[in-house]
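# Structural description and commentary
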Amino acid sequence: MTGEVVSYSGPGPGPGESNLIEPPAENDVEEGKDNHSVSSPSSPRRCPFQPYVDVDQLGRITGTAVLDSPGRSSLGRKSNRGSFMGVRRRSHLHNKTADEVERIVQTGKVRELKNCIRFHQWLPFDCVRSRLWQIICSIHVKDKATMDSLYWDTVKQIYGTHDLVAKTGPLPTFVEPSFQMSYYLNETGIQVARRVVNIISYSCPDITYAPSLYPITCLLLHYMSEEDCYACVSQMVSSKKTKFITQTKLHFETIWRTSMILCRRHAKSAVSYLAKQAGENNILESIHQQWLTCILKELPFQHLVRVMDCFMFEGRKVMYRVWMALLILFHRHLTSLSPNDRPALNKESFVEATLMDFCHNLPCSPEKLLRTAYGVRNFSSSEMDRLFIKTEMYLKSKAAASASMPNNKNVMVPRSRSSDVLPTSQSQVNIQMMSHTLTIREGSRSPGLRSRSLGLFPIQGVRSHAADYDRLLTVWSWLPVRITMYQPELLYTTEEHGCSMTTFFNRVEQHEPTILIVKTATEDVFGAYCSSRWAERNSKDSHGGRQGYFGTGETFVFTLVPNEIKYPWVGISATSSSDGPSCVRHAAELFMASDGRMITVGGGKGQAIWIDENIRYGKTDGCLTFNNPPLASTTDFEIRVLEVYGFQNL
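Here the structure is a predicted model, which is why all the values come from computation and not from measurement. (Residues numbered from 1 in each chain as written. Predicted model: local features only at pLDDT ≥ 70, side-chain atom pairs only at ≥ 80, totals over all residues. Heavy atoms only, no water.)

Another point: the confidence of the model for the chain. Mean pLDDT over the chain stands at 77; residues scoring 70 or higher make up 73%. Counted against residues more than four places away or in other chains, residues 408–457, with its pLDDT under 50, gives 64 contacts. (pLDDT = per-residue confidence, 0-100. Contact = heavy atoms within 4.5 Å.)

This is how it looks when you write it as structure tokens:
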């Protein structure tokens, strides 16, 4: 990319289409009413747009009219893109003012605010918009003055001046070229947007792929000043609770795959119809890969502005809902056509083109689009988060498995950090020999399985709510011999410390090794011996990216109730084979993982143990790392007690 001004200005009529006319006066709400009886042509009006908008394309902001001319779309149905005067007549008298919205924010009435944003139909040229987005953004941005000061200091540091330079330099590499929609911004607005995005890139160097960041910035600049826009986008990027913007290619793929699963669950009829018409699964996947394109690039501007109202408050969940709504409306539209007019959706390119044409000429109002989106039932944030994490872990396992099986066996393939610290075949033999020697010295008659009498004394003072004394002895007999010489200590328990992932890491992450024991609501008891510190989740790999999996081959999982079984790393048995450790797939070397919102032990075709951020629910599957079956009687479980033990003076 270069620093030149981008001429494309997003969806809607291009520079040659000058049929945009002006929106109605604020009080002109009755059809056929004489405008001069309400306000004189010379009466001042308050424009909601910032000076960054190209009014020649978006329309002059006085008088009567619409954002686009009505017409007939190529799908055979009259386009409704010019029918939003009716929306104003129906909803204007009931729409809340900016002051009323601000009072709701100040009183902290979240439910009322959510309903207000969802169902009040403010049009793009409504005067309330000069403040609406700033008010919504203030919910997330806490220290506005500091953010403003930080922004202008960074601008001064990078550009040497606060003035807008002629060329702000190339856009960051995380900006997708096909997503450089500027939505009717003028040349100044485009340069301001580029400067904001460059400052975000400077402040957040960890972002590697964020296709939605630039178009969102351009949309915000319609109703926000430059520093307000930066504060809002910066908060979207850094938000931990509400997710807004993807920042890596892995997350981008995870999101579209998650949206595909959600659509199969909550838009079954639409997905089934498209699958039947397309006939190939890869066509459906291709459609879902274009979901953000359909929303950010193809939706009419007035629809997109209303979607942004909700997105700024609720985050990514809104995009999922809107995508499902678009598929539902697309399905309804196609089935409403006569068989002769209905397009044949049997080719990938034709399916995508037909859907994008439908979105570009959406034959319904923004009100109906959002009503359809929020009409999707039984869709929750917790479901979305669980699917996202599960899909992300699947993709990581898939990538790790692919990396371990190159086409050319002579080519060296980068390994994860977990494999870098795995014991070699010789070191495994040395460890086993030392363990046998220590066992014999401590009174065992043979170098086989260790007696449960080994190292019993240190655990006599342990009082567990998850396992009784005899079962703790069983776990103790499974530990590496050198570890049994140390006194165990209870680091974390839900009974005393509550159910918080933050508390969990604060109390546990610096200890190595640790024992994790889970007791479920159905009385199953199982756990894991974790050989590395949980703090390693924050380590960086050789490319500067966040480390996925870590740990060593000493990690193992186990069950205590109903049966006492240990599942060691599959690589231990592989060391005795003729191939040695080389026969172990990399997908079987995924020991421990966490991103701060969940913890996982084991990977490859599933996780042996997965626990959510509230330490309330979990999941257990068979995995390649330990070749274990599910550790509980049910795959999904509710946690009654979670305990983590460390070792003193180790």
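Having put the structure on the table, let's press on.
Let us now look at the pairing of strand 9 (residues 609–612). Burial along strand 9 is two-sided: the residues Ile609 and Ile611 and Trp610 and Asp612 are all buried. In terms of strand pairing, strand 8 (residues 598–601) meets strand 9 through 4 bridges, oriented antiparallel. Paired with Ile599 across the strands is Ile611, a residue of strand 9. Relative to strand 10 (residues 617–619), strand 9 runs antiparallel, the two being bridged by 2 bridges. Its bridge partner lying in strand 10, Trp610 is registered against Lys619. The hairpin turn running from strand 9 into strand 10, its antiparallel successor, is 4 residues long, and Ile615 in that turn takes a positive phi close to 50°. (Buried < 20%, exposed > 50% of the residue type's maximum accessible area, 1.4 Å probe, protein only. Helix = DSSP H or I, 4+ residues; strand = E, 2+ residues; numbered from the N terminus. Pairing = 2+ DSSP bridges.)

Looking now at the pattern of salt bridges. Counted by the stated rule, this structure contains 20 salt bridges. In this structure, Glu285 and Arg257 form a salt bridge, with 4.0 Å as the shortest nitrogen-oxygen distance. In this pair, Glu285 sits in helix 12 (residues 281–289) while Arg257 sits in helix 10 (residues 249–266), placing the two residues 28 residues apart along the sequence. Residue Glu285 is classed as partly exposed on the basis of its relative accessible area, which comes to 22%. A relative accessible area of 15% means that Arg257 is categorised as buried. Bridged by salt links that share partners, the residues Asp99, Glu102 and Arg131 form one connected network. (Salt bridge = Lys/Arg side-chain N within 4 Å of Asp/Glu carboxyl O.)

Ranked by internal contacts, the top residues of the largest apolar core, which has 120 residues, are Trp133, Leu213, Leu220, Met312, Trp323 and Leu369. Top contributing element to this core by residue count: helix 15 (residues 316–336), with 13 residues. Formed by 32 residues, the second largest nonpolar core is a distinct cluster that contains Phe504, Ala528, Trp534 and Val644. (Core = buried A, V, L, I, M, F, W, Y, C linked by side-chain atoms within 4.5 Å.)

Moving on, we come to the state of the cysteines. A complete count under the given rule lists 0 disulfides for this structure. Take Cys229: it sits in no disulfide, and the sulfur closest to it among the cysteines is that of Cys232, at 7.2 Å. For Cys229, a relative accessible area of 0% translates into the label buried. (Disulfide = S-S within 2.5 Å.)

On to the packing of aromatic side chains. Here the structure, examined in full by the defined rule, presents 20 aromatic pairs. Ring geometry for Phe244 and Phe311: centres 5.5 Å apart, planes at 85°, overall edge-to-face. Here the residue Phe244 occupies a position in the loop between helix 9 (226–238) and helix 10, and Phe311 occupies one in helix 14 (residues 301–314), the gap between them amounting to 67 residues. Just as Phe244 is buried, Phe311 falls in that class too. Summarising the aromatic geometry, the rings of Phe526 and Phe637 are spaced 5.2 Å apart at their centres and angled 80° between planes, so their arrangement reads as edge-to-face. In this pair, Phe526 sits in strand 3 (residues 525–530) while Phe637 sits in strand 11 (residues 636–647), placing the two residues 111 residues apart along the sequence. Per residue, the accessibility class of Phe526 equals that of Phe637, and both read buried. For Arg129, the ring lying beneath its charged end belongs to Tyr223, and the centroid distance is 5.6 Å. (Phe/Tyr/Trp six-rings, centres within 6.5 Å; stacked < 30°, edge-to-face > 60°. Lys NZ or Arg CZ within 6 Å of the ring centre and 35° of its normal.)

For the peptide bond that leads from Glu512 to Pro513, omega is -5°, which places it in the cis range. If you trace the backbone, Pro513 turns up in the loop between helix 23 (501–508) and strand 2 (514–520). In this chain, Val561 is followed by Pro562 through a cis amide linkage whose omega measures 10°. As for its placement among the helices and strands, Pro562 is situated in the loop between strand 5 (556–561) and strand 6 (565–567). Even without being glycine, Tyr183 reaches a positive phi, approximately 50°. Within the fold, Tyr183 resides in the loop between helix 6 (144–159) and helix 7 (187–203). Phi at Lys605 takes a positive value of approximately 65°, unusual for a residue other than glycine. Position of Lys605 among the secondary structure elements: in the loop between strand 8 and strand 9.

Moving on, we come to the environment of Trp122. Tracing the sequence through the fold places Trp122 in the loop between helix 4 (110–119) and helix 5 (129–138). Residue Trp122 is classed as buried on the basis of its relative accessible area, which comes to 0%. Measuring from C-alpha to C-alpha, the distance between Trp122 and Pro366 comes to 9.9 Å, with 244 residues separating the pair along the chain. The residues touching Trp122, leaving out its near neighbours within four places in the chain, are Asn95, Lys96, Val101, Cys116, Ile117, Val128, Arg129, Leu132, Arg306 and Asp309.

Looking now at helix 17 (residues 366–373). Structural remark: α-helix, 3.6 residues per turn; residues separated by three or four positions point the same way. All of the buried residues along helix 17 are Pro366, Leu369, Leu370, Thr372 and Ala373. Looking down the long axis of helix 17, one finds its buried residues gathered within 160° of arc, a one-sided arrangement. In the core, the buried residues of helix 17 are packed alongside helix 4, helix 14 and helix 15. (Arc of directions from axis to C-beta.)

With that out of the way, let us pick up the environment of Trp476. When you line up the elements, Trp476 lands in helix 21 (residues 469–478). Overall, the relative accessible area of 4% leaves Trp476 in the buried class. Along the primary structure Trp476 and Ile515 are separated by 39 residues, whereas in three dimensions their C-alpha atoms are 9.9 Å apart.

Once that is clear, we can look at helix 14. End to end, helix 14 covers 20 Å across 14 residues, agreeing with the expected 20 Å (1.5 Å per residue, within 8%). In terms of burial, helix 14 is a largely internal element, 14 of the 14 residues being buried. At the exit of helix 14 stands Gly315, carrying a positive phi of roughly 85°. (Expected span 1.5 Å × (residues − 1).)

What follows deals with the pairing of strand 3. Of all 6 residues that make up strand 3, 6 are buried, and the element is covered over most of its length. As paired strands, strand 2 and strand 3 are joined by 6 bridges and run antiparallel to one another. Within strand 3, the position partnered with Ile515 by the bridge is Tyr529. Joining the antiparallel neighbours strand 2 and strand 3 is a turn of 4 residues, in which Glu523 adopts a positive phi near 75°.

So, about the environment of Leu220. Looking at the secondary structure, you find Leu220 in helix 8 (residues 213–220). Given the relative accessible area of 0%, Leu220 is considered buried. Along the chain, Leu220 and Gln50 lie 170 residues apart, while their C-alpha atoms are 9.7 Å from each other. Excluding its chain neighbours within four sequence positions, the residues that come into contact with Leu220 are Trp133, Cys229, Cys232, Val233, Met308 and Met312.

Viewed as axis vectors pointing N to C, helix 8 and helix 14 meet at an angle of 100°, and their least axial separation amounts to 11 Å. It follows that helix 8 is roughly perpendicular to helix 14 by the angle criterion. Contacts from Ile216, Leu219 and Leu220 in helix 8 reach Phe301, Leu304, Met308, Phe311 and Met312 in helix 14. Among the residues making up the contact of helix 8 with helix 14, the classes are represented as 8 nonpolar, no polar and no charged. (Axes fitted to C-alpha atoms, helices over the stretch in contact; angles between N-to-C directions. Parallel < 35°, antiparallel > 145°, perpendicular 65-115°, else oblique. Nonpolar A, V, L, I, M, F, W, Y, C, P; charged D, E, K, R; others polar.)

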